[in-house]
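Working through the structure, step by step
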Amino acid sequence: MSIDEDRAVKAAQDTVVRETDNGYRVLGAPEKSVTHQHDIDRIPEKDVTQEMLSGSGENPEAWLVYGGNYEQHRYTTCEIITPENVGELELEYELSVGSGSSMEGTPLIVPGDPPIMYQSNGPNHIKAIDPREGDVLWSYTYAVPNDVVLCCDDNNRGPAVYEDKVFMTTLDSGVVALDRYSGEEQWYHSTADHERGYSATWAPQVYEGTLFTGSAGGEYGVRGFHTAIDTGTGDEKWSTLLSPETEWVGDSINQSATTNWMGATVDEERGKLYLPMGNPGPDFDGSVRPGPNRNSIGTLCLDLETGEHEWFHQESAHDVWDYDSAMPRIVIRDVEVRGKERDVTVSVGKTGWLYTTDAETGELLVRSEPLCQQLNMFRMIPHIDEGRRMPFMPGGMGGNDWQPGTYNPELGISYHKLHNSPQEAWWRFEEFEAGKKYWGGILEDEIESHPDGYNGHIGVISAVKPLTGEIVWQDWIDSDVYLWGGTMSTKTGLMFAGNQNGEMVGYDGESGERLWEYDAGETPISGDPISWYDPGTEKQYVAIQVGGSGWLRRGKRDDRLLVFSMEE
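As a starting point, this report considers the structure included with it. (Residues numbered from 1 in each chain as written. Predicted model: local features only at pLDDT ≥ 70, side-chain atom pairs only at ≥ 80, totals over all residues. Heavy atoms only, no water.)

Notes on the state of the cysteines
- Inspection of every chain in the model, using the stated rule, returns one disulfide.
- Through a disulfide, Cys-151 is tied to Cys-152; the S-S separation comes to 2.2 Å. One disulfide, between Cys-151 and Cys-152, carries an S-S torsion of -100° and so falls in the left-handed class.
- Given a relative accessible area of 17%, Cys-152 falls into the buried group.
- Cys-152 supplies the cysteine sulfur nearest to Cys-372, a cysteine that is in no disulfide, at a spacing of 19 Å. (Disulfide = S-S within 2.5 Å. Buried < 20%, exposed > 50% of the residue type's maximum accessible area, 1.4 Å probe, protein only.)

Right under this line is the structure:
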């Protein structure tokens, strides 16, 4: 079934982003959002229930939430593909989705006959796909306002599903709900003024009829918030400001940033949300925001019902290195740490350490060995004088930026992608102006010299035990392009990850040995792998999106969805 005449695809192709002195600007979007229906009768009309979402992680036929389950394990219980046979894994098909902007997303799989995949990419384009045949059933492009500005690209990292709807955040800091059987728009809710610099690029989370969505725009001096929305009506239930009034000096709170620009982790048992927190604003000039700048760069716990603050753990106090901590938090239950059984949260931020904290209190229990190199780290960067440069690493890209990790409970190992490249930065005084870049400095990717001791590898995939902080293995990667995208593990002991050299790799999860590789060409693989079992074909599938992104050595664009399979 051709998508050559697909109006929504055409609208997405016409919506372009252009890099300007103020970041990326969206141009050419349609005046009204566009839905194009192909063969919607093939979508089984069976609503997604809360029971299905809560059981997604244990169901080998499903991938119903961004991280595979609410604990964000990115782990499948399907057991067809094993370390012994993964070498026989073959490409089932590759689908051109037609709109080749940023491809950093996680598709979802709703089980059925056929199962239905919901796949999104930049700029705010989403499809319903029959993944058994590789056919597009409907497609939709959101009408992004032409004056939206974005710091880093037009990313959309994935949808959410609940009952008869599929939800997508929109670049103008909103959420749109679509009928997931027809692709027709049901409601739209704006969470903030995009002209102020707010935007949204992450996958939202849904729990018990409430959708949770965050805030982005830290590079424009916005103030971060998190919002709960009724999935049926689009009405706002609560919205919580994230940086505390009493702990910021003067009026610095008004440009405090401290956004959460990746999705929350839902703790069903505690009724909590764990938010990955971004940088304070401005990024590099700390002189205008004295103090530790709570609650920036760390993990913030909120009450799920009310949005009230519970606890906060900070990874970089008074940060001037742009060390966001954006990875979705992993929850591990019923483990013994420091002589006590507890649930823990796991994060890896741009600092390059893994942090394991008590899920009830936020107490730091474990800080791992460095998962990438740390050279000149936490040294103060030069103030104003561009001539006094100092390379530092992790650079402003991290460490671990947004890339979601995976946790294998069978092995007790988590897997993370990290940058290992130095950058330079320097401060400069900037007056705040709403909707304009407010960095307080410059981040330079083309550096004059490497720091002493740099090993020359631009990226690394690190396997680590979160309960001890011990590194199990590392795969250092060489390239001219940065390492993006997430990881996925299996009950059979495999770990899958794409890399910037166009390689899709199946690793032995215990040893790090590369057991299987697929060459996708010269395009970086920046998406997150998923897997599911289809009883109709008796196959296990693995899928991932292919394509680079925009800013700073993220590689060329592409628009492919690769689907691999193996029969029972």
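Regarding the pairing of strand E21 (residues 298-303)
- Most of E21 is tucked away, with six of its six residues classed as buried.
- Sheet analysis places strand E20 (residues 272-276) next to E21, joined by five bridges and oriented antiparallel. Bridging across to E21, Pro-276 finds its partner in Thr-299.
- As defined by bridge partners, E21 adjoins strand E22 (residues 309-314) across five bridges and the pair is classed as antiparallel. Among the inter-strand pairings, Leu-300 is bridged to a residue of E22, identified as Phe-312.
- Here E21 folds back onto E22, and the loop between the two strands holds five residues, one of which, Gly-307, carries a positive phi near 80°. (Helix = DSSP H or I, 4+ residues; strand = E, 2+ residues; numbered from the N terminus. Pairing = 2+ DSSP bridges.)

A closer look at the sheet that holds strand E5 (residues 90-96)
- The antiparallel open sheet is built from four strands, whose spatial order is E5-E39-E38-E37. Here the strands that pair on one side only, and so sit at the sheet edges, are E5 and strand E37 (530-534). In this sheet, adjacent strand axes meet at a mean angle of 25° when their direction is disregarded.
- Both strand E38 (residues 539-546) and strand E39 (residues 560-567) contribute to a ladder of eight bridges, which runs antiparallel. Within E39, the residue paired with Gln-545 across the bridge is Leu-561. (Axes fitted to C-alpha atoms, helices over the stretch in contact; angles between N-to-C directions.)

Some details on the environment of Val-161
- Along the chain, Val-161 turns up in strand E11 (residues 160-162).
- Counting along the chain gives 72 residues from Val-161 to Thr-233, while the straight-line C-alpha distance between them is 15 Å.
- Aside from chain neighbours lying at most four places away, what touches Val-161 is Val-48, Leu-53, Leu-64, Leu-108, Val-110, Tyr-118, Val-166, Phe-167 and Val-206. (Contact = heavy atoms within 4.5 Å.)

Overview of unusual backbone geometry
- Cis geometry is found at the peptide bond from Asp-113 to Pro-114, where omega equals 5°.
- Mapped onto the secondary structure, Pro-114 falls in the loop between strand E6 (108-110) and strand E7 (116-121).
- Cis geometry is found at the peptide bond from Gly-281 to Pro-282, where omega equals -5°.
- Positionally, Pro-282 belongs in the loop between E20 and E21.
- Positive phi values are uncommon outside glycine, yet Ala-257 reaches one of about 60°.
- In this structure, Ala-257 sits in the loop between strand E18 (236-241) and strand E19 (265-267).
- Look at Ala-257 and you get buried, because its relative accessible area is 0%.

Here we look at the sheet that holds strand E3 (residues 34-37)
- One open sheet holds the five strands; their spatial order is E3-E9-E8-E7-E6, and the pairing between them is antiparallel. The open sheet terminates on both sides in strands that have one partner only, identified here as E3 and E6. When the angles between neighbouring strand axes are averaged without regard to direction, this sheet yields 20°.
- Its contacts with the sheet place helix H1 (residues 7-14) against E3, strand E8 (125-130) and strand E9 (135-141), and it is angled at close to 50° to E9.

Topic: the nonpolar core
- The biggest cluster of nonpolar side chains holds 121 residues, and the ones touching the most others in it are Tyr-118, Trp-138, Val-161, Phe-167, Leu-273 and Phe-496.
- By size, the runner-up hydrophobic cluster in this structure holds 18 residues, among which are Val-335, Val-348, Leu-365 and Val-366. (Core = buried A, V, L, I, M, F, W, Y, C linked by side-chain atoms within 4.5 Å.)

Notes on the packing of aromatic side chains
- Enumeration according to the criterion identifies 20 aromatic pairs in this entry.
- Their ring planes at 15° and their centres at 6.1 Å tell us that Trp-402 and Trp-484 sit as a pair that is stacked. Of this pair, Trp-402 sits in the loop between strand E26 (364-367) and strand E27 (406-408) while Trp-484 sits in the loop between strand E32 (470-477) and strand E33 (487-490), and the two are 82 residues apart along the sequence. Per residue, the accessibility class of Trp-402 equals that of Trp-484, and both read buried.
- Ring centres of Tyr-415 and Trp-473 lie 5.9 Å apart, and the angle between their planes is 45°; on these two criteria the pair is classed as tilted. Remark: Trp-473 occurs in strand E32 and Tyr-415 occurs in strand E28 (residues 413-419); sequence separation between them is 58 residues. We note that Tyr-415, like Trp-473, is buried. (Phe/Tyr/Trp six-rings, centres within 6.5 Å; stacked < 30°, edge-to-face > 60°.)

Remarks on the pattern of salt bridges
- One pass over the structure, following the stated rule, counts 38 salt bridges.
- Here Lys-350 makes a salt bridge to Asp-322, at a shortest N to O gap of 3.6 Å. A residue pair is termed long-range when its members are at least 10 positions apart, and Lys-350 in the loop between strand E24 (340-348) and strand E25 (354-358) and Asp-322 in the loop between E22 and strand E23 (330-337) qualify at 28 residues. No difference in accessibility class separates Lys-350 from Asp-322, as the two residues are buried.
- Across the salt bridge formed by Arg-428 and Glu-430, the nearest N and O atoms sit 3.1 Å from each other.
- For Arg-428, a relative accessible area of 40% puts it in the partly exposed group.
- Each of Glu-71, Asp-267, Glu-269, Arg-270, Arg-333, Asp-343 and Glu-360 takes part in one network of salt bridges that share partners. (Salt bridge = Lys/Arg side-chain N within 4 Å of Asp/Glu carboxyl O.)

Comments concerning the side chain of Arg-289
- Inspection of the secondary structure puts Arg-289 in the loop between E20 and E21.
- Salt bridges are absent for the buried Arg-289, whose nearest opposite-charge side chain, Asp-319, sits at 5.5 Å.
- Only 3.0 Å separates the side chain of Arg-289 from the backbone oxygen of Asp-283, close enough to count as a polar contact.
- Beyond its immediate sequence surroundings of up to four residues, Arg-289 is in contact with Trp-248, Ser-252, Pro-280, Gly-281, Pro-282, Asp-283, Phe-284, His-318, Asp-319 and Val-320. (Lys, Arg positive; Asp, Glu negative; His and termini not counted. Polar contact = N/O pair within 3.5 Å; in protein donor to acceptor, adjacent residues only side chain to side chain.)

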